[in-house]
2 protein chains.
Amino acid sequence: MSSFHLKSLEEVLEKYITNDEQLKEIKRLLYGRSDDNKLELPEEAKNLGSKHGFDIQGYRFTAKSECIRLPRIVRIGAIQNSIVLPTSEPVIKQREAIWQKVQVMIKAAALANVNIICLQEAWSRSSLVLRSLSKMYFKCLLSFLLTAMPFAFCTREKFPWCEFSEGAAEGPTTKMLQELAKAYNMVIISPILERDTNHSDTIWNTAVIISNRGQYLGKHRKNHIPRVGDFNESTYYMEGNTGHPVFETVFGHIGVNICYGRHHPQNWMMFGINGAEIVFNPSATVGSLSEPLWPIEARNAAIANSYFTVAINRVGSEEFPNKFTSGDGNEPHTTFGPFYGSSYITAPDSSRTPSLSRDRDGLLIAEIDLNLCRQVKDFWGFPMTQRLDLYANSLQHATKLDFKPQIVRE
Amino acid sequence: MSSFHLKSLEEVLEKYITNDEQLKEIKRLLYGRSDDNKLELPEEAKNLGSKHGFDIQGYRFTAKSECIRLPRIVRIGAIQNSIVLPTSEPVIKQREAIWQKVQVMIKAAALANVNIICLQEAWSRSSLVLRSLSKMYFKCLLSFLLTAMPFAFCTREKFPWCEFSEGAAEGPTTKMLQELAKAYNMVIISPILERDTNHSDTIWNTAVIISNRGQYLGKHRKNHIPRVGDFNESTYYMEGNTGHPVFETVFGHIGVNICYGRHHPQNWMMFGINGAEIVFNPSATVGSLSEPLWPIEARNAAIANSYFTVAINRVGSEEFPNKFTSGDGNEPHTTFGPFYGSSYITAPDSSRTPSLSRDRDGLLIAEIDLNLCRQVKDFWGFPMTQRLDLYANSLQHATKLDFKPQIVRE
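Criteria and thresholds
Residues numbered from 1 in each chain as written. Chains lettered and ligands numbered in written order. Predicted model: local features only at pLDDT ≥ 70, side-chain atom pairs only at ≥ 80, totals over all residues. Heavy atoms only, no water. UniProt positions renumbered as here; feature names shortened; annotations may be inferred. Domains from an automatic or database assignment. Contact = heavy atoms within 4.5 Å. Buried area = accessible area lost by both parts, 1.4 Å probe. Salt bridge = Lys/Arg side-chain N within 4 Å of Asp/Glu carboxyl O. Phe/Tyr/Trp six-rings, centres within 6.5 Å; stacked < 30°, edge-to-face > 60°. Buried < 20%, exposed > 50% of the residue type's maximum accessible area, 1.4 Å probe, protein only. Helix = DSSP H or I, 4+ residues; strand = E, 2+ residues; numbered from the N terminus. Pairing = 2+ DSSP bridges. Axes fitted to C-alpha atoms, helices over the stretch in contact; angles between N-to-C directions. Least-squares fit on C-alpha atoms with pLDDT ≥ 70 in both. pLDDT = per-residue confidence, 0-100. Polar contact = N/O pair within 3.5 Å; in protein donor to acceptor, adjacent residues only side chain to side chain. Nonpolar A, V, L, I, M, F, W, Y, C, P; charged D, E, K, R; others polar.

- Per an unreviewed UniProt entry, chain A is named Beta-ureidopropionase, and its organism is Glossina brevipalpis.
- Per UniProt, the comment on chain A under Pathway (unreviewed entry) is "Amino-acid biosynthesis; beta-alanine biosynthesis."
- According to UniProt, the comment filed for chain A under the heading Sequence similarities (unreviewed entry) is "Belongs to the carbon-nitrogen hydrolase superfamily. BUP family."

Remarks on the domain arrangement of chain A
All names here are of chain A.
Okay, so step 1: Here chain A is partitioned into domain 1 (7–35) and domain 2 (37–129 + 145–396).
Okay, so step 2: The gap between the C-alpha centroids of domain 1 and domain 2 is 27 Å.
Okay, so step 3: Tallying the contact residues gives eight residues for domain 1 and 16 residues for domain 2.
Okay, so step 4: On the domain 1 side of the contact with domain 2, Lys7, Tyr31 and Arg33 bury the most area, a combined 65% of that side's loss.
Okay, so step 5: In this assembly, domain 1 and domain 2 are joined by one salt bridge.

Topic: the packing of aromatic side chains
Where two aromatic rings form a pair, the distance of their centres and the angle of their planes describe that pair.
Okay, so step 1: This model, assessed by the stated rule, comprises 22 aromatic pairs over all chains.
Okay, so step 2: Ring geometry for A:Phe379 versus A:Trp380: centroids 5.8 Å apart, planes at 85 degrees, classification edge-to-face.
Okay, so step 3: Judged by relative accessible area, A:Phe379 falls into the partly exposed class, the value being 41%.
Okay, so step 4: A:Trp380 sits in the buried class, given a relative accessible area of 6%.
Okay, so step 5: Ring centres of B:Trp294 and B:Tyr340 lie 5.8 Å apart, and the angle between their planes is 80 degrees; this geometry places the pair in the edge-to-face category. In this pair, B:Trp294 is assigned in helix 10 (residues 294–305) and B:Tyr340 in strand 12 (residues 333–340), connecting sequence segments 46 residues apart.
Okay, so step 6: B:Trp294 gets classed as buried once you look at its relative accessible area, which sits at 4%.

Here's the deal with the sheet that holds strand 14 (residues 362–369) of chain A
Two pairing modes exist for strands in a sheet, parallel and antiparallel, and in both the strands are linked by backbone hydrogen bonds.
Residue and element names in this part refer to chain A.
Okay, so step 1: The strand order across the open sheet built from seven strands is 1-14-2-3-4-5-6, with neighbouring strands paired in mixed fashion. Edge positions in the sheet fall to strand 1 (55–60) and strand 6 (216–221), since each has one partner strand and no second. Adjacent strand axes in the sheet meet at a mean angle of 25 degrees when their direction is disregarded.

Re the relation of the copies chain B and chain A
Okay, so step 1: Rotating chain B by 180 degrees and translating it 0.0 Å along the rotation axis places it on chain A, where the RMSD comes to 0.0 Å. Here the copies are linked by what is in effect a two-fold axis.
Okay, so step 2: By residue overlap, the copies meet face to face through one surface: 100% of the interface positions of chain B are interface positions in chain A.

What to know about the sheet that holds strand 15 (residues 407–408) of chain B
Okay, so step 1: The mixed open sheet is built from six strands, whose spatial order is 13(A)-10(A)-9(A)-8(A)-7(A)-15(B). Bordering the open sheet on either side are strand 13 (344–346) of chain A together with strand 15 of chain B, each of which pairs with just one other strand.
Okay, so step 2: Pairing between strand 8 (residues 252–256) of chain A and strand 9 (residues 278–283) of chain A: three bridges, direction parallel. Its bridge partner being in strand 9 of chain A, A:Ile254 is matched across the sheet by A:Ile278.

Topic: the environment of A:Ser234
Residues and elements named next belong to chain A.
Okay, so step 1: Within the secondary structure, Ser234 sits in the loop between strand 6 and strand 7 (246–249).
Okay, so step 2: Accessibility expressed as a relative area gives 27% for Ser234, which makes it partly exposed.
Okay, so step 3: Spatially, the C-alpha atom of Ser234 lies 8.7 Å from that of Phe153, the residues being 81 residues apart in sequence.
Okay, so step 4: In this structure Ser234 touches Ile225, Pro226 and Arg227, once residues within four positions along its chain are discounted.

Brief notes about the confidence of the model for chain A
Residues and elements named next belong to chain A.
Okay, so step 1: Per-residue pLDDT for chain A averages 88, and the proportion of residues at 70 or more is 89%.
Okay, so step 2: Here residues 125–149 is a poorly scored stretch, pLDDT under 50, and it has 61 contacts once near neighbours within four places are set aside; other chains count.
Okay, so step 3: Both scores are available for the predicted complex, with the pTM at 0.92 and the ipTM at 0.91.

So, helix 8 (residues 265–273) of chain B
Residue and element names in this part refer to chain B.
Okay, so step 1: Taken across its nine residues, helix 8 has nine buried, putting it largely inside the fold.
Okay, so step 2: All of the buried residues in helix 8 are Pro265, Gln266, Asn267, Trp268, Met269, Met270, Phe271, Gly272 and Ile273.
Okay, so step 3: Downstream of helix 8 by one or two residues, Gly275 has phi in the positive range, about 100 degrees.

Section: the environment of A:Val250
Okay, so step 1: The residue A:Val250 is located in the loop between strand 7 and strand 8 in this model.
Okay, so step 2: For A:Val250, a relative accessible area of 62% translates into the label exposed.

Side note on the interface of chain B and chain A
Okay, so step 1: Between chain B and chain A, the residue contacts involve 92 residues of the former and 92 residues of the latter.
Okay, so step 2: For the pair chain B and chain A, the summed buried surface comes to about 8,600 Å²; carbon and sulfur atoms form 64% of the total.
Okay, so step 3: Three residues stand out in chain B for area buried against chain A, namely B:Trp380, B:Tyr391 and B:Glu410, and they jointly supply 9% of the buried area on that side.
Okay, so step 4: Between the two partners, chain B and chain A, sit eight salt bridges.
Okay, so step 5: Note that B:Arg358 is salt-bridged to A:Glu25, the shortest N-O span being 3.7 Å.
Okay, so step 6: At the boundary of chain B and chain A, one finds 42 residue pairs in polar contact (both at pLDDT 80 or more).
Okay, so step 7: Looking at the side of chain B that touches chain A element by element, the count peaks at ten residues for helix 12 (residues 388–398) of chain B.
Okay, so step 8: Residue classes in the side of chain B that touches chain A are distributed as 43 nonpolar, 32 polar and 17 charged.
Okay, so step 9: The sheet contact formed by strand 7 of chain A and strand 15 of chain B spans two bridges and is parallel. Across the sheet, residue A:Val246 finds its bridge partner in strand 15 of chain B, namely B:Ile407.

Okay, structure coming up:
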């Protein structure tokens, strides 16, 4: 990786490509549209961003006007974040600052009339650490909270990390967000570490969906679990058992493909088959591992399934109290990251927003017309030409122990 | 679309981004590696390109050295092309020029030690037109050969286009290429319009695979057929019935995903499940329709399936004798295009070559180590975490007439 720090690809393109026509053509090739089609956002929302140090970007995706269906215009949002306070502050203040920041970002989204917001994968942990940990962990927490809300699976330690988990329907994070959802008339997707006390205290990587009336609407558990590099998540929880639920909200049919599931096109596909119009992909992934894959996968899913996708990644590096190894032969170390942010939204016609920055908190908003999904289906015909019966049969064969691949030899 | 003509994205980036470190970081983000890793090609091959007016570009993808397996280094190639002679020349000379050009390009590939070459979708037609057409078509052919080898499905006319078809195993194109394959010790993938006289004279969009010993190894028929814009292909042939064959050649296990099949991740997936190490995607697609999708789909397939992909598109515009409409409400017209070239190769680790140009003939070569496929599988674990049983069952349900999507309501 280069030592040069690049804030975002777009920033460099805008800086260097001074010929407007060429820049437009490059944008068409890279983002599927030559015009950013920026969304004007309310001053109060922007002021909150300036005051609290997070970027706010808004874009618009339009659809054709139809005779029978009215436009179904909604605003969707993605939040990428880390902490604000230095570790020299008391931990309790740090915790409050983290909670306050996400609440402020959600408030900014509300001011910008966002209807559905999705937080990043496992966003809510640090507060729970602080509640559940005894004093003996206090000192090491001081260092790990340096960069906040750790994606602790790199450590392969069960304690204290397993204590982060909470109930999906009845946990404190859900309860807190239910209040906000109701107050702001906003659907909130809250990815947490779930504890299922009803099934032998098992832990899951779960997204909780809260309706705009503040009701617990349901949950989805991460379907595909990584075993790669620092992402030793299968040490903590197993492959999700909730299928591919699509949640019918007043603002559209939504699904959640959690993190590593974005590498599996068949996972995206089932959300489409179940009728999703928007699929959120809350993630936690680091530069050296996945950055060149990032702009490809969620965008390909939007294309292949004729729905909107929202790819969300956290920012910053994370420091842990004990050394760990990364399965790459390198020295034991305590830092995990950097997570490269770069959250972005793609429309079913393949056009996409620029990315949020690689290193700053940000709120990304898109105003979309859900009618575009069906219009793109009618235009491209991907669902019609999918041949599901062929693949249902092929996969049935492929899963058999005595499966013989279709190989042609000379 | 901008009126500005951009030869390739890479050309503009190289021109404007003068800071080396920034250019490297941009390349890492866009192509998955900061270094082009160019392959030095023999002078004779390059001279052929200069003399005959086609670009040659070569790149290298390496793999880790293993203890038990030796490196399996092969060179793969892609050809994108149009005709050379103006239509003022006699048609017979034009035909000869087209044949000669592709033969010269294959020869250049042979000089560069290419082991497997793939031609563009339906590359071989014009010669057949000339043989099969009577004099009454001669005049209109003069105009249509202006840009050579038409992708004639935009016309929805059955005559004379259906006469282009030929036998897969015994057709003249296959026979001609068998000689070259044997002479150059090269596997050749030849996408043609196939006539199946054994099954009621049906027509198929087919790729013929010829072994390095000049043997007809087999064929694959296009699995997914478009019905979009000018691509009225379902007027001519149906969805392929050959499954997802993987051809075991001495230079690796190869599959062919023809054109529109690249929009369907499940199609790519089955080639992977059957053991493909390289999947070629011979295509014919035009700028206004698909250009922003082009760099996404074949690359996503390489990532998701841990194999190499080779995306090939033709260049130029095509002129037809009779007016046709494009299903978009616009005036009837006679021109189809431009096809935007931009052929490129992606490795299983997501790194890719720059594209061939958007408007010139080109030969793209990559030296690859096939061992990279399994190394990436071991690293990322995508096949292991695929959960095929889940999807086999889900798709079985989804194909039922009384299928109930998994929808959660408040």
